[in-house]
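Coordinate inspection notes
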Amino acid sequence: MKKALVIGAAGQIGRPTVRALAADGWEVTAASRGGGRDAGWPGDVRAVALDREDGDAVAALVGDGVDLVVDLIAFTPAHGQQLAGLADRIGSAVVASSAAVYEDEQGRGFHTQEQPDGWPRYPVPIPETQRTASPGDGSRARKVRIEQDLLALGDRLPTTVLRPSAVHGPYCRTPRELYFVKRNLDGRRTRVLAYNGESRFHPASTRNLAELVRLAAARPGSRVLNAADPDHPSVAEIGAMVDEVMGVETGTVLVDGPPPAPNVGDSPWSVPLPLILDMSAAERELGYKPVTTYADALPETVEWLAARLREQDWETGFPKMVASYTTGIFDYAAEDAWLASSAA
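Below or above, wherever it landed, is the structure these notes cover.

Calculation notes
- Residues numbered from 1 in each chain as written.
- Predicted model: local features only at pLDDT ≥ 70, side-chain atom pairs only at ≥ 80, totals over all residues.
- Heavy atoms only, no water.
- Axes fitted to C-alpha atoms, helices over the stretch in contact; angles between N-to-C directions.
- Helix = DSSP H or I, 4+ residues; strand = E, 2+ residues; numbered from the N terminus.
- Parallel < 35°, antiparallel > 145°, perpendicular 65-115°, else oblique.
- Left-handed = near helix turned anticlockwise from the far one by under 90°.
- Contact = heavy atoms within 4.5 Å.
- Buried < 20%, exposed > 50% of the residue type's maximum accessible area, 1.4 Å probe, protein only.
- Pairing = 2+ DSSP bridges.
- Salt bridge = Lys/Arg side-chain N within 4 Å of Asp/Glu carboxyl O.

What about the packing of helix α1 (residues 14-23) against helix α6 (residues 206-218)?
- Where α1 contacts α6, the two axes come as close as 8 Å, and the packing angle between them is 40°. Classified by the angle between their axes, α1 and α6 sit oblique to one another. Between α1 and α6 lies a crossing whose hand is right-handed. Here P16, T17, A20 and L21 of α1 lie close against α6, whose contacting residues are T206, A210, V213, R214 and A217.

Take a look at the structure:
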């Protein structure tokens, strides 16, 4: 059997990726910090603990050779260099990058500019040929360095780089859907959305990402591919979908323009200009056909989030979410004060 090593297997993308590869006939070693297993994995999947910073441990798992390495947690140039140093023992690789590497023609990226005047103006949709950040020390720049170092290996290590956008699904550490699910559970029946609720931040289901990994594994090559769902609903449409799944009715106050007050109307989906990825290259090069849509995948995410919130408060359950969104996305007092002043 073909041998595959999945690094970051217990994460949001890793779990369905291991399932997809195993179903496709791969002998999978699933490596993660805790070495845990997913209930959906076949029994012959080998789950092992791995410290991603330990290059010797990575080399030991590769052993005399594997046909495929899937690296879903390559965050620093050192991680890319680990794989490059093992190129003679790896048949091909699939590495997760991020759509955050993209810049507009003025050098603006969506993680560095948050005000309307500074938000990047990307083409719609964004092709893989769009300019990216320069290699450096920032999080986006580190991803670019990893991409460049691995792609420079060419036939020595054929590497497919995937650039997902807003990843969603169970086990997500920064689930944007939390914004709507928690509000519904808290009994909030009025919400405020900036930019008329028209913001579009292209979602990427973990199941669709797993399918892209599966296809890239079957067709090795050195390439960069966007990774996203076939649909890209607006933030208002996403809120309505969550309401339907949860069986609640809410009213939405739409604001024409940016958030009207601090911590009001600024959801994790709210952007002044659209960020939509062009998926034609994946379709052309891999024969990619999405296995789900955002709407069809949403119930599983909502169910997982609701169960998690019943077990613990959101700050404890999603610490990375707290760190990523420091503007007070659940500042109900600020919302109520603004709604009262607007009504007056």
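A closer look at α1
- The element α1 is extensively covered by neighbouring structure, given that 8 of its 10 residues are classed as buried.
- What α1 keeps buried is the set G14, R15, P16, T17, V18, A20, L21 and A22.
- Buried positions along α1 lie against β1 (2-7), β2 (26-32), β4 (66-71) and α6.
- Two residues or fewer past α1, G25 is found with a positive phi of approximately 95°.

Examining the sheet that holds strand β6 (residues 159-164)
- What the 7 strands build is an open sheet, ordered β3-β2-β1-β4-β5-β6-β10; its pairing is parallel. Both outer strands of the open sheet, β3 (46-49) and β10 (223-227), are each paired with one neighbouring strand and no more. Put simply, the sheet's adjacent strands are angled 20° from each other on average, direction ignored.
- Running at roughly 165° to β6, α6 makes contact with β2, β4, β5 (90-96), β6 and β10 of the sheet.

Thoughts on the packing of helix α5 (residues 178-185) against helix α7 (residues 235-246)
- Their axes nearest at 10 Å, the elements α5 and α7 cross at an angle of 45°. Viewed along their axes, α5 and α7 adopt a mutual orientation that is oblique. Judged by the sense of rotation from one axis to the other, the crossing of α5 with α7 is right-handed. Where α5 approaches α7, its residues F180, V181, N184 and L185 are matched on the opposing element by V235, I238, G239, V242, D243 and M246.

Quick word on the pattern of salt bridges
- In the structure shown here, the tally under the stated rule is 18 salt bridges.
- Between R131 and E103 there is a salt bridge, with the nearest N and O atoms lying 3.2 Å from each other. On the criterion of sequence distance, the pair formed by R131 in the loop between β5 and α4 (139-151) and E103 in the loop between β5 and α4 is long-range, its members being 28 residues apart.
- Among the residues examined, R131 registers a relative accessible area of 35% and is labelled partly exposed.

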